[in-house]
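Fold and contact review
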Amino acid sequence: MSVSAVPAVAADSSVCAPLAVLGRDVTVPLVTGGEVTYAALDYAASAPALQRVWDDVAAYAPYYGSVHRGAGYLSQLSTDLFENSRTTVAEFLDCREGDQVVFTRSTTDSLNLLAAALPAGCEVFVFETEHHASLLPWRDARVTYLDAPRTPGEAVHTLERALADRDPYGPALVCVTGASNVTGELWPVRELAAAAHAHGARIVLDAAQLAPHHPVSVGELDVDWVAFSGHKLYAPFGSGVLAGRSDWLREAEPYLAGGGASRKVTRRPKEAGGGVDVEWHDTAARHEAGSPNVIGVYSIAAACKALTEAGFDELVAREQHLIRTVREGLAEVPAVRVLSLFGDDAPRVGVISFVVDGWNSSHFAAALSAEYGIGVRDGLFCAHPLVRTLLGGESDEPGECGAPEAAPGEKSLNAIRVSFGAGTPDEHVERFVRAVKELVTDGARWNYRTEDGRCVPDTRAAA
């Protein structure tokens, strides 16, 4: 079965140069002496701000004002900018007529908002492979957790079987990622949406790792909602998006009660017991109580415009070149095992996780940082069930520097994740591949110790 989350593009590294991002010229000290330009390869956690986003925010900042509340020029200007940003995001996602764009704090916040808006009796279906932002918000619903599939086709069949066994008359929601934050693999979103709708269920797409790398069309994918974060979309100002069908959101109690969400508040007569009556908005404002993060919202819109104008075909093509550089380089190191659900040929974004024989992952990541100026991530990546499944109970040498405490009866497990995107120069991934080969062949050049649960260079003694 084909993975139809995104259109196919040709891979050609000459299509475009890296987009300008903040921090591209920052230098960091090496524990072995000297300095080096920092290689930020942790985009899956938070991507650096696009220079274009930063410039747009800086140009607006002197005109900042509270939105929806003021008659003054700056308030009116800020309100127009805020609502125009909503339109920009809707266009970026190719939303349907009547869809709502609700601004939140993050993907996690967006999915918790949707969880709070579920109709009574709603059953939720979610794969164990999801990020915790998608796995954990459904505490007040009946949840069916689905085992990790090993092919895209198996994912669709697993969902179809689970949906066929449910009560067909009650509401249901499927939550699925667009691209894994652990393996980078693309999921068959369109096929999963078709399976959900065929069985009377709705589907929400966690696009936190997909939207920064590929165009996301609500219409083409036929999903009911999309959630993503600004800080992964080169707009790290604490804002997120939930976009999609309005009916469940309109009928739910406000996510937060307060100013902005209320259209009219009246005091009841004292003889009737006092209190207040509230008429809530039925627009996106219903779930946006309080003074909104105007800067964060505008930064998301600026990022949407910047990525669209740069051209996703070119950005995807260049990223595929970087992916090949990393994967081919790691394949030359027998001690390295890249983690994957769907296999080497699965389409993917620039997120790759791996383990190294004989190394605890925290130790390896610390050496990459201290000795090469390379920032990656180690651990379980807020996707504990998935990483544990992929590691299959293997140990990263418990007791090594930075090895996390294991639960009783469990081995210590963690992995290393390298991730990149539109602002990554070739030199950063080439340095990373070279560093992996040198560390595996020659070992670390410095001594390390555990401090506050992390592996850090031991500066108390020479290497």
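Scroll up a little and you will see the structure.
Summary of the structure given here. (Residues numbered from 1 in each chain as written. Predicted model: local features only at pLDDT ≥ 70, side-chain atom pairs only at ≥ 80, totals over all residues. Heavy atoms only, no water.)

Of all hydrophobic cores here, the largest spans 84 residues; its most connected members are Leu 93 and Phe 228. With 9 residues, the single largest contributor to this core is helix α9 (residues 294–310). Ignoring sequence-local partners within four residues, the contact set of Phe 228 consists of Val 89, Leu 93, Ser 106, Thr 107, Ala 207, Ala 208, Ala 211, Leu 233, Gly 240, Val 241 and Ile 300. Leu 41, Val 333, Trp 359 and Trp 446 belong to the second-largest nonpolar core, a separate cluster that totals 34 residues. (Core = buried A, V, L, I, M, F, W, Y, C linked by side-chain atoms within 4.5 Å. Buried < 20%, exposed > 50% of the residue type's maximum accessible area, 1.4 Å probe, protein only. Helix = DSSP H or I, 4+ residues; strand = E, 2+ residues; numbered from the N terminus. Contact = heavy atoms within 4.5 Å.)

This next bit is on helix α5 (residues 152–164). In this model α5 runs 19 Å from its N-terminal to its C-terminal C-alpha over 13 residues, within 8% of the 18 Å that 1.5 Å per residue would give. Every buried residue belonging to α5 is among Pro 152, Gly 153, Ala 155, Val 156, Thr 158, Leu 159, Ala 162 and Leu 163, and all of these are buried. Buried positions along α5 lie against β5 (123–127), β6 (142–146), β7 (172–177) and α6 (189–198). (Expected span 1.5 Å × (residues − 1).)

Moving on, we come to the sheet that holds strand β13 (residues 336–338). Ordered in space as β13-β14-β17-β16, the 4 strands form an open sheet in which the pairing is antiparallel. Strands with a single pairing partner mark the edges of an open sheet, and in this sheet they are β13 and β16 (377–379). Adjacent strand axes in the sheet meet at a mean angle of 30 degrees, parallel and antiparallel pairs treated alike. The pairing of strand β14 (residues 351–356) with strand β17 (residues 415–419) spans 4 bridges and is classified as antiparallel. Each bridged residue has a counterpart across the sheet, and for Phe 354 the counterpart in β17 is Ile 416. (Pairing = 2+ DSSP bridges. Axes fitted to C-alpha atoms, helices over the stretch in contact; angles between N-to-C directions.)

Attention now goes to the packing of aromatic side chains. For the structure on display, the rule yields 12 aromatic pairs. Ring geometry for Tyr 60 and Tyr 298: centres 5.6 Å apart, planes at 70 degrees, overall edge-to-face. Note that Tyr 60 is positioned in helix α1 (residues 51–60) and Tyr 298 in helix α9, a separation of 238 residues in sequence. Of the two residues, Tyr 60 and Tyr 298, both sit in the buried class. Note on Trp 225 and Trp 248: the rings are 5.2 Å apart at their centroids and 35 degrees apart in plane angle, and the pair reads as tilted. Taken together, the residues Trp 225 in strand β9 (residues 225–229) and Trp 248 in helix α8 (residues 247–251) connect sequence positions 23 residues apart. Over the ring of Tyr 372 we find Arg 445; its NZ or CZ atom is 5.2 Å from the centre of that ring. (Phe/Tyr/Trp six-rings, centres within 6.5 Å; stacked < 30°, edge-to-face > 60°. Lys NZ or Arg CZ within 6 Å of the ring centre and 35° of its normal.)

On to the environment of Ala 317, then. Mapped onto the secondary structure, Ala 317 falls in helix α10 (residues 312–331). The class of Ala 317 is buried, set by a relative accessible area of 1%. For the pair formed by Ala 317 and Cys 16, sequence separation is 301 residues and the distance between their alpha carbons is 8.6 Å.

A separate point is empty space enclosed by the protein. A full pass over the atoms with the stated rule returns 2 cavities of 30 Å³ or more. Here the largest cavity defines a volume of roughly 80 Å³. Lining the largest cavity are Cys 16, Ala 17, Pro 212, His 213, Leu 307, Phe 312, Leu 315, Arg 318, Glu 319, Gly 421 and Ala 422. In terms of residue count, α10 provides more of the lining of the largest cavity than any other element does, 4 residues in total. Partitioning the lining of the largest cavity into residue classes produces 7 nonpolar, 2 polar and 2 charged. Lining the second largest cavity, in full, are Tyr 43, Ala 44, Ala 47, Gln 209, Pro 212, His 213, Lys 232 and Tyr 234. (1 Å grid on protein atoms, 1.4 Å probe; cavity = no way out; pocket = protein on both sides within 12 Å on 5 of 7 lines; lining within 4 Å. Points joined across faces, edges and corners; volume = space filled by probe spheres on them. Nonpolar A, V, L, I, M, F, W, Y, C, P; charged D, E, K, R; others polar.)

With that settled, the discussion passes to the sheet that holds β6. Spatially, the 7 strands line up as an open sheet ordered β4-β10-β9-β8-β7-β5-β6, and their pairing is mixed. The sheet is open, and its two borders are formed by β4 (100–104) and β6, each paired with just one other strand. Direction aside, neighbouring strands of the sheet carry axes that sit 20 degrees apart on average. Note: β4 against strand β10 (residues 240–244), 5 bridges, orientation antiparallel. Of the residues in β10, the one forming a bridge with Phe 103 is Val 241. Most of the contacts of α5 go to β5, to which it runs at about 160 degrees, and overall it touches β5, β6 and β7. Relative to strand β8 (residues 202–206), α6 is tilted by about 155 degrees, and along the sheet it contacts β5, β7 and β8.

Moving on: the environment of Ala 444. By secondary structure assignment, the location of Ala 444 is in the loop between α13 (426–442) and β18 (448–451). Take Ala 444: its relative accessible area is 28%, and that puts it in the partly exposed class. Between the C-alpha atoms of Ala 444 and Val 351, which are 93 residues apart in sequence, the distance is 24 Å. Sequence-distant contacts of Ala 444, that is, excluding residues within four places in its chain, are made with Trp 359, His 363, Glu 371 and Leu 439.

What follows concerns the pattern of salt bridges. Counting across every chain of the model gives 22 salt bridges. For Glu 83, the salt bridge is made with Arg 86, and the minimal N-O distance between the two is 2.9 Å. You can see Glu 83 and its partner Arg 86 sitting in helix α2 (residues 73–92), 3 residues apart, about one turn around the helix. A relative accessible area of 29% means that Glu 83 is categorised as partly exposed. Relative accessible area serves as the criterion here: at 13%, Arg 86 is assigned to the buried category. (Salt bridge = Lys/Arg side-chain N within 4 Å of Asp/Glu carboxyl O.)

Phi angles above zero are rare outside glycine, and Asp 94 is one such case at about 55 degrees. Examined against the element boundaries, Asp 94 turns out to sit in the loop between α2 and β4. For Asp 222, which is not a glycine, the phi torsion comes out positive at approximately 60 degrees. In this structure, Asp 222 sits in the loop between α7 (218–221) and β9. Accessibility expressed as a relative area gives 34% for Asp 222, which makes it partly exposed.

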